[in-house]
Amino acid sequence: MNTWRLNSTGWIEVICGSMFSGKSEELIRRLRRAQIARQRVQIFKPRIDDRYSDDHIVSHSELRIESQSVSSSQDILESLGDRTEVVGSDEAQFFDDGIVAVCEKLANMGKRVIVAGLDKDYRGVPFDPIPELLAIAEYITKTLAICVRCGNPAANCTQRLVKSGKRILVGHGNAYEARCRRCYEPPEEAAEEEAAQPRAAVASG
Ligand code: ADP
Ligand code: ZN
């Protein structure tokens, strides 16, 4: 008989990085282990991401775990079972900003919350609401890909290979590749934006 239970304090774990860096693999690994430990696990993903499967989280390496698609962060709270101990979600960058308060609430209720998501978009801009989730997380894991151009094992950028100004572009199988900071080429429109609005100088001290 398994009598071990999580104690009543919850926490938030965030797994973030570029595309192909192994976020989904790491999320699936943690959730699978929680299931092996016979904890009650609920797994969600935002409905926008139906590239591979509507009812599974699927990694680029074909690992998969059953999940429930939801239309908004509020749906996570509404679908939550009374006895759920672990709540996981992939593609957290596609949730509305309410996901931050939802994760906080779940952790305050004593749940282990594990969320994975892209930390930067194809222009290299922080992908909200991931930065806010990083700020409230107890544990952060940054995953890195291999640069497909030069083999650098610390690739941190998602290179978009098709021209589009849209921040979210799903359903395009070969639209992205992983690149390191040296090989990454910012899209033209991003370079223009940056030139028009130079970053504020970082205050020292
Ligand atoms: P993410 O969720 O971060 O997009 P996945 O967990 O879905 O990543 O996929 C990671 C897997 O993708 C790796 O184990 C590997 O099999 C595959 N892969 C494809 N291209 C790359 C790359 N450039 N660097 C690392 N892994 C890659
Ligand atoms: Zn490179």
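Please read all numbers here as calculations on a predicted model, not as lab measurements. (Residues numbered from 1 in each chain as written. Chains lettered and ligands numbered in written order. Predicted model: local features only at pLDDT ≥ 70, side-chain atom pairs only at ≥ 80, totals over all residues.)

Trainee: Explain the overall build of the protein to me, please; I cannot follow it from the model alone.
Mentor: Within the protein, the secondary structure is distributed over five helices and ten strands. Out of the 205 residues in the protein, the part that is buried amounts to 34%. (Helix = DSSP H or I, 4+ residues; strand = E, 2+ residues; numbered from the N terminus. Buried ≥ 20, exposed ≤ 12 C-beta atoms within 10 Å, placed from the backbone.)

Trainee: Explain unusual backbone geometry here, please?
Mentor: Note: most residues except glycine have negative phi, and most peptide bonds are trans. Note the cis peptide between D128 and P129, where omega equals 5°. Relative to the helices and strands, P129 is located in the loop between strand 7 (112–118) and helix 4 (130–136). Positive phi outside glycine occurs at E62, with the angle close to 75°. By the element assignment, E62 lies in the loop between strand 3 (56–58) and strand 4 (64–66). A count of 8 C-beta atoms within 10 Å places E62 in the exposed class.

Trainee: Explain the site of ligand 1 here, please?
Mentor: Close to ligand 1 lie 16 residues, the nearest being K23, S24, S59, H60 and A145. Per-element tally for the shell around ligand 1: the top contributor is helix 1 (residues 23–36), with three residues. Classifying every residue of the shell around ligand 1 by side-chain character gives six nonpolar, eight polar and two charged. (Near = placed C-beta within 6 Å. Nonpolar A, V, L, I, M, F, W, Y, C, P; charged D, E, K, R; others polar.)

Trainee: What is the right way to look at the environment of P186 in this model?
Mentor: Position of P186 among the secondary structure elements: in the loop between strand 10 (176–179) and helix 5 (188–196). In this structure, the C-alpha to C-alpha distance between P186 and C157, residues 29 residues apart in sequence, is 9.7 Å.

Trainee: How do you make sense of the sheet that holds strand 1 (residues 11–17) when you look at a structure like this?
Mentor: Two strands in a sheet stick together by hydrogen bonds in their backbones, pointing the same way (parallel) or opposite ways (antiparallel). Taken in spatial order, the six strands make up an open sheet running 5-2-6-7-1-8, and their pairing is parallel. Across the chains shown, the open sheet's two edge strands, defined by having one partner strand only, are strand 5 (68–70) and strand 8 (139–143). Put simply, the sheet's adjacent strands are angled 20° from each other on average, direction ignored. Sheet strands in contact with helix 1 are strand 1, strand 2 (41–46), strand 6 (86–89), strand 7 and strand 8, and its direction is about 165° off that of strand 7. The strands that helix 3 (residues 98–108) touches are strand 1, strand 6 and strand 7; relative to strand 7, the one it contacts most, it runs at about 155°. (Pairing = 2+ DSSP bridges. Axes fitted to C-alpha atoms, helices over the stretch in contact; angles between N-to-C directions. Contact = placed C-beta atoms within 7 Å.)

Trainee: Even after reading the chapter, I still don't get the nonpolar core, so can you show me in this structure?
Mentor: Counting residues in hydrophobic clusters, the biggest one holds 31 residues, and the most contacted among them are V14, L27, A92, C103, V113, V115 and L133. Among the elements of the structure, strand 1, helix 1, strand 2, strand 6, helix 3, strand 7 and helix 4 are those that each provide at least two residues to this core. A per-element tally of this core places helix 3 first, with six residues. Discounting chain neighbours no more than four positions away, the residues touching V115 are V14, S89, A92, C103 and L133. In this structure, A145, C157, A178 and Y184 belong to the second largest nonpolar core, which totals eight residues. (Core = buried A, V, L, I, M, F, W, Y, C linked by C-beta atoms within 7 Å.)

Trainee: I'm lost on the environment of E91 in this one. Help?
Mentor: As for its position among the elements, E91 is in the loop between strand 6 and helix 3. Under the C-beta neighbour-count criterion, E91 is labelled buried, with 21 such atoms within 10 Å. Separated by 24 residues in the primary sequence, E91 and V115 place their C-alpha atoms 7.9 Å from one another.

Trainee: I tried to follow the pairing of strand 7 on my own but got confused; where do I start?
Mentor: The two faces of a sheet get side chains in turn, since along a regular strand they alternate between them. The element strand 7 is extensively covered by neighbouring structure, given that seven of its seven residues are classed as buried. Along strand 7, one buried face is formed by R112, I114, A116 and L118 and the opposite face, lined by V113, V115 and G117, is buried too. In the sheet, strand 6 pairs with strand 7 via four bridges, with the strands oriented parallel. Of the residues in strand 7, the one forming a bridge with V86 is R112. Crossover strand 6 to strand 7 through helix 3 is right-handed. (Right-handed = clockwise from strand over helix to strand, strands pointing away.)

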